[in-house]
Amino acid sequence: MMVDGVEDQEKWLAAGIAGLQQNAFYMHRALDSNNLRDALKYSAQMLSELRTSKLSPQKYYQLYMRAFDELRKLEMFFKEEARRGCSIIDLYELVQHAGNILPRLYLLCTVGSVYIKSKEAPAKDVLKDLVEMCRGIQNPVRGLFLRSYLSQVSRDKLPDIGSEYEGDSDTVNDAVEFVIQNFTEMNKLWVRMQHQVGKNLHVLSQIEGVDLDMYKETVLPRILEQVVNCKDEIAQCYLMDCIIQVFPDEYHLQTLEILLSAFPQLQPSVDIKTVLSRLMERLSNYAASSTEVLPEFLQVEAFSKLNNAIGKVIETQADMPILGAVTLYSSLLTFTLHVHPDRLDYADQVLGACVTKLSGKGKLQDSKATKQIVALLSAPLEKYNDIVTVLKLSNYPSVMEYLDSETNKIMATVIIQSIMKNNTHISTADKVEALFELIKGLIKDLDGAPHEEVDEDDFKEEQNSVARLIQMLHNEDPEEMFKIICTVRKHILTGGPKRLPFTVPPLVFSSLKLARQLQGPDENPFGEEGSTTPKKIFQLLNQTIETLYSVPSPELALRLYLQCAEAANDCDLEPVAYEFFTQAYILYEEEISDSRAQVTAIHLIIGTLQRMHVFGVENRDTLTHKATGYSAKLLKKPDQCRAVYACSHLFWVDDQDSIKDGERVLLCLKRALRIANAAQQMSNVTRGSTGSVTLFVEILNKYLYFFEKGNPQINADAIQSLIELITAEMQSDSSTPDPAVDAFFASTLRYIQFQKQKGGAVGEKYEPIKV
């Protein structure tokens, strides 16, 4: 730890003195005008220059002496203020409002000197107060000079025998206690003085003649002896850190046993976790620097020695906080993953030791310890980039058990993100089982978890990540894939009604993908009892979608039933498809009462039913009849009209000759026209105008569609009549002008004109229509 160059030191000293003198000038001006408040303000700013860490003790001394001279003048001012009747007790309290601790303590010592002299309080009380408060500065240089100042201002005010400040008969003990306490604290600060000790160790490490043997036999044992014997916690921590930082990695590796043997001998309050963690970090980086050095680690059995040392330290320091132990294991695991990435047993051993330390502690409440556990669990994920490898660590889930429910969810999210990022292939039910055990914090409410209000957006993001994960689970073997689906289903059904709308759909689509994979002549080629078949998958799906009733989420369940019906159609399973449609219809009738939801649902039903080819005449008629019935019963007339004309597609399907019933198409369109007309009349009654003719233009477009498709029931005369009807309605006094509808109608007429101009069969067909 080299002191900065001479030029830099001079520059910083000059800057410090300039700042000090500038504030001293304003302080003098305030003193001359008896402005106490300004005097305190500028004196505090002046003393702030002593807060620097950039100066060597020699240079700092020069800055301190400038400040000391100014403080003597301030002390004289305080004495004058006390003489003029200013309350010294108030002054003693007032200076404690200085913003920074170092200026505050210098001012406190200065006022304290006057306070003792005023004899308004016993000298021993003021001195005890000051010596205790000076503990607030633990920086060696700043602390030494502050205590030196305290010693200077108090030396003639000690409650000694015969002194004017002598109090009770026991006061000599108070004087001795004050001086010894200040001396003890100064001695500790001196031992910690980084610029002295650290520099010596740095010089030692630079001596060419110190080879590994000398370091091992002489240098390290003697340094460690001094470290252990100094008995000061901060000094020990600092010196151990110095040893680790200044000597070469190779030396540490070859003397690991000697170095580690010192740790249990350090003071119980030493922050061993930080020092040991730094040692392991250095060794990890050394191992990562070159593969050639790895045999050295194996040769000296580095893992075993570090593992034993950590065990001893934790055993010796029985009251070590959980944070300390977890930090040590986290560092050891990082070291292990760097040095022995192939030894999963080592990594598992570290996790096992951590579990042993945590056992009986319950869920961790310390947020810092919790963060360290997350770091510990994240390390293998980052190293292997493969959850499948991590799942081989048997103690991994056990460590997660000690996380509170919120952190458990965070860790589960980290695991899912790792899978997504690395596109990890999880292809067996056993691995899926282990994985879902790990991420159960997102799958269900954990036992004992507080039922707090969860942020809705966070909850959605968590559940969407689970949904994405479900889509990634795949195996080409149908039997194994079905097992995976069953495993996922078992876990997500424990999630409660709030989670099911997020997790059921991806499971349904994964299952449908498998069902389609099994369709056709290859279905169940071996005919084994109990093997996976589309029918078995659809049975499972039926039971799975039923769970959405408890949410309740009837619209989602209806959508999924229709998706299943379509998949059953692709698998040529008429009874299954019919059953799913039946379930969808029951939901529509019994659960969906909102008019908007009904409109959406009926259009989904019509669209799905139109694509079905598996139904025989009877089943199709039944389902079609129901759909048209629902359409005609919608609440709003415009909704009724649109649903009814959409039903016309159920009677005319392009690629199915058996479903081309022109007469029923015409019936639907005529019925839609009647409803549109009724809507116009109702609008006239309620609003005094017929409203827009948009429904008529939409129906006209349906007429044109079926006209082009060759429906014999839709002829040019019917289209002509409809065009004339719309034109008349638009010109009527009672109609409401609507630019959008005008443009829609004009566009439709342009299309007819365009078709007429094509010539040939198309032109001939459109010729009779006048626009």
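Residues numbered from 1 in each chain as written. Predicted model: local features only at pLDDT ≥ 70, side-chain atom pairs only at ≥ 80, totals over all residues. Heavy atoms only, no water.

- The protein chain appears in an unreviewed UniProt entry as Vacuolar protein sorting-associated protein 35 from Melia azedarach.

**Re the overall build of the protein chain**
Thought 1: Looking only at helices and strands, one finds 38 helices and zero strands in the protein chain.
Thought 2: Its C-alpha atoms give the protein chain a radius of gyration of 43 Å, clearly above 28 Å, the size a compact globule of 771 residues would have.
Thought 3: By principal-axis analysis of the C-alpha atoms, the protein chain measures approximately 130 × 75 × 55 Å.
Thought 4: Within the protein chain, buried positions represent 49% of all 771 residues.
Thought 5: Considering only residue pairs separated by 6 or more positions, the protein chain has 70% of its internal contacts joining residues 24 or more positions apart.
Thought 6: If you sum the accessible surface of the protein chain, you get close to 37200 Å²; carbon and sulfur atoms cover 50% of it. (Helix = DSSP H or I, 4+ residues; strand = E, 2+ residues; numbered from the N terminus. Rg over C-alpha atoms; globule rule 2.2 N^0.38 Å. Buried < 20%, exposed > 50% of the residue type's maximum accessible area, 1.4 Å probe, protein only. Contact = heavy atoms within 4.5 Å. Areas by Shrake-Rupley, 256 points an atom, 1.4 Å probe, with all protein chains shown as cover.)

**Brief notes about helix α29 (residues 554–570)**
Because an α-helix completes one turn every 3.6 residues, residues spaced three or four positions apart along the sequence face the same direction.
Thought 1: With 17 residues, α29 should cover 24 Å at 1.5 Å per step; its first-to-last C-alpha distance of 24 Å lies within 8% of that length.
Thought 2: Counting buried residues in α29 gives 13 out of 17 residues, a clear majority hidden from the surface. (Expected span 1.5 Å × (residues − 1).)

**Remarks on the environment of Ala 82**
Thought 1: Looking at the element boundaries, Ala 82 is found in helix α3 (residues 57–83).
Thought 2: Each C-alpha atom of the pair Ala 82 and Tyr 215 lies 62 Å from the other, and the pair is 133 residues apart in sequence.
Thought 3: For Ala 82, the contacting residues outside a window of four places in its chain are Ile 88 and Val 114.

**Considerations on the nonpolar core**
Thought 1: Core analysis: the biggest nonpolar cluster contains 196 residues, and Ile 387, Tyr 396, Ile 415, Phe 436 and Phe 538 have the highest contact counts within it.
Thought 2: Tallying contributions element by element places helix α17 (residues 322–339) first for this core, with eleven residues.
Thought 3: Contact partners of Ile 415, with chain neighbours within four places excluded, come to Leu 381, Ile 387, Tyr 396, Met 400, Leu 435, Leu 438 and Ile 439. (Core = buried A, V, L, I, M, F, W, Y, C linked by side-chain atoms within 4.5 Å.)

**Structural notes on the pattern of salt bridges**
Thought 1: Considering all chains together, one arrives at 27 salt bridges under this definition.
Thought 2: Between Lys 498 and Glu 456 there is a salt bridge; the shortest N-O distance is 4.0 Å. Of this pair, Lys 498 sits in the loop between α26 (478–492) and α27 (500–518) while Glu 456 sits in helix α25 (residues 456–472), and the two are 42 residues apart along the sequence.
Thought 3: Given the relative accessible area of 44%, Lys 498 is considered partly exposed.
Thought 4: The partly exposed category is assigned to Glu 456, whose relative accessible area is 41%.
Thought 5: Salt bridges linked by common partners bring Glu 401, Glu 437 and Lys 440 together as one network. (Salt bridge = Lys/Arg side-chain N within 4 Å of Asp/Glu carboxyl O.)

**A few points about the packing of helix α5 (residues 101–118) against helix α7 (residues 140–154)**
Thought 1: The geometry of α5 relative to α7 is characterised by a closest axis approach of 9 Å and an angle of 10° between their N-to-C directions. What the angle tells us is that α5 and α7 run roughly parallel. Where α5 abuts α7, its residues Leu 102, Leu 105, Tyr 106, Cys 109, Thr 110 and Ser 113 lie against Arg 142, Phe 145, Leu 146, Tyr 149, Leu 150 and Val 153.
Thought 2: When grouped by side-chain class, the residues that make up the contact of α5 with α7 number nine nonpolar, two polar and one charged. (Axes fitted to C-alpha atoms, helices over the stretch in contact; angles between N-to-C directions. Parallel < 35°, antiparallel > 145°, perpendicular 65-115°, else oblique. Nonpolar A, V, L, I, M, F, W, Y, C, P; charged D, E, K, R; others polar.)

**Quick notes on the packing of aromatic side chains**
Thought 1: In the structure shown here, the tally under the stated rule is 25 aromatic pairs.
Thought 2: With a centroid separation of 5.8 Å and an interplanar angle of 85°, the aromatic rings of Phe 68 and Tyr 149 are classed as edge-to-face. Of the two residues, Phe 68 is situated in helix α3 and Tyr 149 in helix α7; the sequence distance between them amounts to 81 residues.
Thought 3: When the ring of Phe 77 is compared with that of Phe 78, the centres are 6.2 Å apart and the planes differ by 50°; the resulting orientation is tilted.
Thought 4: On the basis of relative accessibility, which here comes to 0%, the residue Phe 78 falls in the buried class.
Thought 5: Through a chain of ring-to-ring contacts, three or more aromatic side chains come together here, namely Tyr 60, Tyr 61, Tyr 64, Phe 68, Tyr 106, Phe 145 and Tyr 149.
Thought 6: A cation over an aromatic ring shows up here: Arg 343 above the ring of Tyr 346, its NZ or CZ 4.1 Å from the ring centre.
Thought 7: A cation over a ring is seen here: Lys 765 above Phe 707, with NZ or CZ 4.8 Å from the ring centre. (Phe/Tyr/Trp six-rings, centres within 6.5 Å; stacked < 30°, edge-to-face > 60°. Lys NZ or Arg CZ within 6 Å of the ring centre and 35° of its normal.)

**Quick look at helix α11 (residues 233–246)**
Thought 1: Here α11 is 14 residues long and its end C-alpha atoms lie 20 Å apart, about the 20 Å a rise of 1.5 Å per residue gives.
Thought 2: Of all 14 residues in α11, eleven are buried, a share of seventy percent or more.

**Some details on the packing of helix α2 (residues 36–47) against α5**
When two helices pack together, their arrangement is given by the angle between the helix axes and by the axis-to-axis distance.
Thought 1: Close contact between α2 and α5 brings their axes to 8 Å; oriented N to C, the two are set at 120°. One element, α2, and the other, α5, form an angle in the oblique class. For the element pair α2 and α5, the recorded crossing hand is right-handed. For the pair α2 and α5, contact is made by Leu 40, Ser 43, Ala 44 and Leu 47 and by Pro 103, Tyr 106 and Leu 107, respectively.
Thought 2: Classifying every residue of the contact of α2 with α5 gives six nonpolar, one polar and no charged. (Left-handed = near helix turned anticlockwise from the far one by under 90°.)

**Quick notes on the side chain of Glu 70**
Thought 1: Of note, Glu 70 is situated in helix α3.
Thought 2: Glu 70 has contacts with Leu 20, Ala 24, Met 27, His 28 and Met 46, leaving out every residue within four places of it along the chain.

**Digging into the environment of Ile 439**
Thought 1: For Ile 439, the location among the structural elements is in the loop between α23 (429–438) and α24 (440–443).
Thought 2: Separated by 153 residues in sequence, Ile 439 and Ile 592 place their C-alpha atoms 34 Å apart.
Thought 3: Excluding its chain neighbours within four sequence positions, the residues that come into contact with Ile 439 are Ala 412, Ile 415, Ile 416 and Leu 469.

**Thoughts on the environment of Val 693**
Thought 1: Structurally, Val 693 can be placed in the loop between α34 (662–687) and α35 (694–708).
Thought 2: By relative accessible area, Val 693 is classed as buried at 4%.
Thought 3: Sequence separation between Val 693 and Asn 422 is 271 residues; the distance between their C-alpha atoms is 56 Å.
Thought 4: For Val 693, the contacting residues outside a window of four places in its chain are Gln 680, Ile 726, Glu 729, Met 730 and Val 741.

**Focus: the side chain of Arg 147**
Thought 1: Tracing the backbone through its elements, the reader meets Arg 147 in helix α7.
Thought 2: Take Arg 147: its relative accessible area is 1%, and that puts it in the buried class.
Thought 3: Excluding anything up to four places from it in sequence, Arg 147 contacts Val 131, Cys 134, Arg 135, Asn 182, Glu 185, Met 186 and Leu 189.

**A look at unusual backbone geometry**
Thought 1: Omega for the bond connecting Val 551 with Pro 552 falls within 30 degrees of zero, at -15°, which places this linkage in the cis form.
Thought 2: Secondary-structure assignment places Pro 552 in the loop between α28 (534–546) and α29.
Thought 3: With a phi close to 55°, Asn 34 is a non-glycine residue in the positive phi region.
Thought 4: One non-glycine residue with positive phi stands out, namely Glu 301, at about 50°.
Thought 5: With respect to the helices and strands, Glu 301 occurs in the loop between α15 (294–299) and α16 (302–316).

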